[in-house]
Amino acid sequence: MGSDGAPYRIRLARASDLPALPGIERAANALFREVGLDELFATVLTDAGDLARACAERRLWVATGRDEAPVGFALASIVGENAHLDELDVHPDHGRRGLGAALVREVLAWARASDLPAVTLTTLRDVAWNAPFYERLGFRVLGPGERGAILDEILREE
């Protein structure tokens, strides 16, 4: 999968992967320095309990490198009747190799297999790399009437 010949793999997360995920998220959040949001994202980390529950419920995937250590992850949930991509992070040292897209495709496959009609997410659409990345994967901006009350509440909280 990697352009440098590194064999990456996407798989469901294991409990033994969980300690590595906050470091990946911190490293990925540092990319927001480019747009002046690094201080905000330095304080925002996915709750360890949420990661553990998602792992147990088989809705947390990791991208691993040659040594099977996680280098990225995707966390999904169910919001209303739809799947929801809660978090997607790839360590910058392993970025631009298709790992983020591969993780999103796992979430999409999980949603299909779970008979969930759609996958939603929230992101910063004014950050140059966010919206185009998700649009290439088939996502689009939803209008207010399409989001529903639960997704509107998530947007207000964020």
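Here's what I pulled together on the structure shown here.

Observations concerning the nonpolar core
Within soluble globular proteins, side chains that are nonpolar generally end up buried alongside one another.
Step number 1: Of all hydrophobic cores here, the largest spans 25 residues; its most connected members are Leu-85, Leu-88, Leu-103, Val-107 and Tyr-134.
Step number 2: Of all the secondary structure elements, the ones that give two or more residues to this core are strand 2 (60-64), strand 3 (70-79), strand 4 (82-90), helix 4 (99-113), strand 5 (119-121) and helix 5 (130-136).
Step number 3: Sort the elements by how many residues they give to this core and helix 4 lands first, with eight residues.
Step number 4: Among all residues touching Leu-103, those that are not within four sequence positions of it are Ile-10, Trp-61, Val-62, Ala-63, Gly-72, Phe-73, Ala-74, Leu-88, Asp-89 and Val-90.

What to know about a nonpolar patch on the surface
Step number 1: On the surface, Leu-31, Val-35 and Trp-129 cluster together to form a nonpolar patch covering roughly 230 Å² of accessible area.
Step number 2: Mapped onto the secondary structure, Leu-31 falls in the loop between helix 1 (21-29) and helix 2 (38-42).
Step number 3: Residue classification places Leu-31 among the partly exposed residues on the basis of a relative accessible area of 34%.

Scoring rules and cut-offs
- Counting from 1, residues in each chain are numbered in the order their sequence is written.
- Note on the predicted model: pLDDT of at least 70 is required for a residue's local features to be given, and 80 or more for side-chain atom pairs to be given and counted; whole-chain, interface and lining totals, by contrast, use all residues.
- No hydrogens and no water enter the side-chain calculation; it runs on all heavy atoms of the structure.
- Remark: nonpolar core denotes a set of buried residues (Ala, Val, Leu, Ile, Met, Phe, Trp, Tyr, Cys) joined through side-chain atoms within 4.5 Å.
- Three labels apply to residues, based on accessible area from a 1.4 Å probe with only protein chains included: buried if under 20% of the type maximum, exposed if over 50%, partly exposed otherwise in between.
- A run of H or I in DSSP counts as a helix once it spans at least four residues, and a run of E counts as a strand once it spans at least two, with each numbered from the N terminus.
- By definition in these notes, contact holds between two residues if any of their heavy atoms fall within 4.5 Å.
- Patch definition: residues with relative accessible area over 30% and no salt bridge; like charges joined within 9 Å; nonpolar side chains (Val, Leu, Ile, Met, Phe, Trp, Tyr) joined within 5 Å.
- Each accessible area is a Shrake-Rupley estimate made with a 1.4 Å probe; only the visible protein chains count as cover when residues are assessed.
- Any carboxyl oxygen of Asp or Glu within 4 Å of a side-chain nitrogen of Lys or Arg constitutes a salt bridge here.

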